[in-house]
Amino acid sequence: MRKLVFIIAVLVGFESFSQIVFGRNNQNNNSNVSINYSSPKEYEIADIEVKGVQFLDNNALISLSGLRVGDKIKVPGDEVSTAIKKLWKQGIIGNASIYASKLEGDKIWLVIELTERPRLTRYTIEGVNKTQKGEIEDKIDLVRGKILTDVLIKNTELAVFKFMESKGFLNAKVNVIQQQDTVLRNSSYLKIVVDKGQKVKIRNIQFAGNENFTSAKLRKQLKSTGMVPKFSLPTDIITKFPKFIWPPNLIKFFTTPKKVSGEEVREYFAQHVNLNFFKNSKYVKSDYEDDKDLLIGFYNSKGYRDAKVVSDTTYNTSNKYMNIDLTVDAGKKYYFRNIDWSGNYIYTDEQLAAVLGIENGDIYDLDLVNKKLNFNPTGADISSLYMDDGYLFFSINPVEVGIYEDSIDLEMRIFEGAQATIDKVTISGNEKTSDHVILRQLRTMPGDKFSRSELIRTQRELSQLGYFDPEQVNPLPIPDPVNETVDIEWQLVERSNDQIELSGGWGGAFGFVGTFGVTFNNFSARNIFNKSQWRGLPVGDGQSLSVRFQANGRQFQSYSFSFVEPWLGGRKPNSFGVSYSKSIQRQIDRFTDTTVGSLKVTGISLSLGRRVRWPDDFFTVSNSISYQRYDLFQFGTRALGFQTGDANSFTFNTTIARNSIDQPMYPRSGSSISLSASFTPPFSLLGRDVSGEDVDNAEKFKWLEYHKWNFDSKYYMTLVGKLVLATRAHFGYIGSYDRDIGVGPFERFQLGGDGLTGQNFLLGTDVIGLRGYPNNSITPIDVENNIEGGTIFNKYVMELRYPLSLAPTATIYGQVFFEGGNNWDDFAKFNPYDIKKSVGAGLRIFMPAFGLMGIDWAYGFDRIPGALDNSGPQFHFSIGQQIR
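All of the points below concern the structure found in this document. Note that this is a predicted model, so its numbers are computed, not measured.

**Considerations on the pairing of strand β16 (residues 407-415)**
So, step 1. In terms of strand pairing, strand β14 (residues 335-342) meets β16 through six bridges, oriented parallel. Across the sheet, the residue bridging to F336 is I408, located in β16.
So, step 2. Sheet topology note: the strand β15 (residues 395-404)/β16 ladder contains nine bridges and is antiparallel. Opposite Y404, over in β16, you have S407 as the bridge partner.
So, step 3. Following β15, the chain reverses through two residues before pairing antiparallel with β16; E405 in that reversal takes a positive phi of roughly 55°.

See below:
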């Protein structure tokens, strides 16, 4: 009888994978409790005890069971079975049983005996590389100490498989193995074993129903799954290889006397040739679905408004490749007919139609309409027209009001709304930079009418400061239609813009040269003596302070200091700058270790600049005065026209510049143009006569006189995605007031190499880089006066740039480039088409602490003066932002 009772008790709770046991039938029950299961009886719960748990809370488990002291239950009955189901439902219990430990009259004492599920101590991932392992760890939800449930293990397996699927491993197998951890009690670890299998790539994509476009054209629209040719095949490729490796039909295709287009070649290879001339894309389902939308978008843009993918099939051709068959129904091609406007009172129909730029009979493209209505990057759209005039609540909805055969009528339904006034402007994220530095850049101030273009311009100005990550300068308008106002929150993420330079390099004849420099780009001079405002340093006012020192002992030493206040007085963007530098270059006799010659250069300059509003407020005008003194003592290292004496240069410089570049580190749009002119006093025209034959060069060049002109232009344009075209043009000319005196030996142009003045140690010269040629190799010499350096140069550069990282910690981009330039010592010899050309590729890395660094490889196609062969390949290193 007791055995039967035990079996019945077990069966009652079997569906919960647990036990309901009363009396002596439970091994853990040492009490002598007798229950008559044939006659259910109602009991009042006197006490509930939980046994067998180590990590879980007893009171919480009792609460989860639904049983409470004082409740009345029937034994046997459903209450105990329900309690076990509730505990099991939580997923934290392995086994559960409830038994009575004591009976007194109508009271019952219950014991809930549980076995906890093991907890996770660690997990391992096998079968993938280190990078994939890190990505999988980000995808799975495994934390040490988490309870291991069947659901958790299954979800882990599914997450790993989906990740492998996204990488193109459609045949991957994932096995999650749970093993007991012998170190800790009631603990387990997981071993995630991945068998990647072959990566499945798309072998071919075939289209049906594509009467309007070739298959090759349609494949181009599939950005992620379409096949892309690895290289272009010339029509004479068949002659480059033995004929036996080519199929006969391929030979016939190429040798047929007709003009073969590139598209025909690609189409032929895709359909008939089993050779890997195409880059096979991996298959990712989500990307494939997006590509189908892009395909339909392409049809829509060509007027096929009703285009749709009728069917698509994916099937494996092997364990490595798969094919896709797509059937497309293009439908009818449509055209615009009448476009009417309603709800517009501020602008006339004619004004709006001119901005829209769509005529009757144009191919129907609703995507083009939306671009013309809503936020075109160029600003030539209807929404910008209204929002630049304060109509923030403006909206427009294009509605198809009629379809007549192949023509469609549109009605542009406009809600103009009221003009919005800016109420509050807040700033967040500026932990170091003072509020007033940001506020003075804002063009969206309280009380102003809202303007989208001014919002974008402010975003550019804040990005240009360099104190914030330009990718995260985020204006957040918070409109209030009821009060016809808008609040603007500027969300900023600061990044360090200070730089430290600590380097050493080989300076040719100078040997090892060490450099130490610091630049504080967000300095605060007013807080130097107010240490309570220091954040490591007195920072936050947007000033720039730079100190630099170079030396290799006695032979070469250079010191420089500069300070710039961009907002002198704090009310207008009028800049003030001061700089001082001192350098000395000595000639040391290596046998006696004594100085036998030297060149000392000392300079100081003061500058004032201001932003102007005409022709537009991207223009700035700056003026400066500077004094340079050159002291020579038996200095014969360079051809300067004299070896002992001193030269003085007192110059006035004025620069007119326009800068609309969107950000300094990786510009994507905008331009920068500057024209700089420097003048010394015309001493020879003021009575100083040094033109006689008996006057030596030391006396002639004691007071330098010249006029110097520099023109620099840069233009940036986004081609597609993040690919940017950067073009530059530079021109320089230095002339004299008196032909008999000439220009003089200083401030001339040296061309070639990386353009690093600091590593070339050519004091008193204007060094211009030209990659693909040795440093300063394109430098003419005035044989008559024994002076090296050009008086006129030009340079052209074209670069294609693509970013590898735009993170605040490091901006990295690669580039390929073509450039050319030349240098002449006489204006009569100048020929803008006679240039030394080069091509190459390089990498740029900007880190806030160290500035911009780069490495380039370039091939020079032309000969340098005095050489017999072309310049050939050259490596170049650069530090800092090169002006030219």
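That was the structure; now back to the text.
**Some thoughts on a nonpolar patch on the surface**
So, step 1. A contiguous nonpolar patch, built from Y715, M717, L719, V720, L800 and V816 and spanning about 510 Å² of accessible area, is present on the exposed surface.
So, step 2. Top element by residues in the nonpolar patch is strand β29 (residues 707-720). It accounts for four residues.
So, step 3. Mapped onto the secondary structure, L800 falls in strand β35 (residues 792-807).

**Observations regarding the packing of helix α2 (residues 58-65) against helix α3 (residues 78-89)**
So, step 1. Relative to each other, α2 and α3 sit at 120°, their axes nearing to 8 Å. When the axis of α2 is compared with that of α3, the two are oblique. Judged by residue contacts, L61, L64 and S65 of α2 engage A83, K86 and L87 from α3.
So, step 2. A per-class count over the contact of α2 with α3 returns four nonpolar, one polar and one charged.

**Observations regarding the sheet that holds strand β13 (residues 321-329)**
So, step 1. Read across the sheet, three strands follow the order β9-β13-β12 without closing on themselves; strand pairing throughout is mixed. A single partner strand is all that each edge strand has here, and the edge strands are β9 (201-208) and β12 (308-316). With direction set aside, neighbouring strand axes in the sheet form an average angle of 20°.
So, step 2. Alignment of β9 against β13, held across seven bridges, turns out to be parallel. From the neighbouring strand, K201 faces β13, where its bridge partner is Y321.

**So, empty space enclosed by the protein**
So, step 1. Summed over all chains, the structure comprises one cavity of 30 Å³ or more.
So, step 2. Computed from the structure, the largest cavity encloses a volume of approximately 40 Å³.
So, step 3. D469, P470, E471, R495, Q663, M665, Y666, L806, A807 and T811 together form the lining of the largest cavity.
So, step 4. Among the residues making up the lining of the largest cavity, the classes are represented as five nonpolar, two polar and three charged.

**A closer look at α2**
So, step 1. Within α2 the residues assigned to the buried category are L61, I62 and S65. Axial view of α2: buried residues confined to an arc of 100°, hence all on one face. Exposed side of α2, more than 90 degrees from the buried face: N59 and S63 are the residues found there.
So, step 2. Considering only its buried residues, α2 is in contact with β2 (41-51), α3, β4 (93-104) and β5 (107-116).

The rules behind each value
Residues numbered from 1 in each chain as written. Predicted model: local features only at pLDDT ≥ 70, side-chain atom pairs only at ≥ 80, totals over all residues. Heavy atoms only, no water. Pairing = 2+ DSSP bridges. Helix = DSSP H or I, 4+ residues; strand = E, 2+ residues; numbered from the N terminus. Patch = residues over 30% accessible without salt bridge, like charges linked within 9 Å, V, L, I, M, F, W, Y side chains within 5 Å. Areas by Shrake-Rupley, 256 points an atom, 1.4 Å probe, with all protein chains shown as cover. Salt bridge = Lys/Arg side-chain N within 4 Å of Asp/Glu carboxyl O. Axes fitted to C-alpha atoms, helices over the stretch in contact; angles between N-to-C directions. Parallel < 35°, antiparallel > 145°, perpendicular 65-115°, else oblique. Contact = heavy atoms within 4.5 Å. Nonpolar A, V, L, I, M, F, W, Y, C, P; charged D, E, K, R; others polar. 1 Å grid on protein atoms, 1.4 Å probe; cavity = no way out; pocket = protein on both sides within 12 Å on 5 of 7 lines; lining within 4 Å. Points joined across faces, edges and corners; volume = space filled by probe spheres on them. Buried < 20%, exposed > 50% of the residue type's maximum accessible area, 1.4 Å probe, protein only. Arc of directions from axis to C-beta.

Remember that the coordinates give geometry; whether it matters functionally is a separate question.
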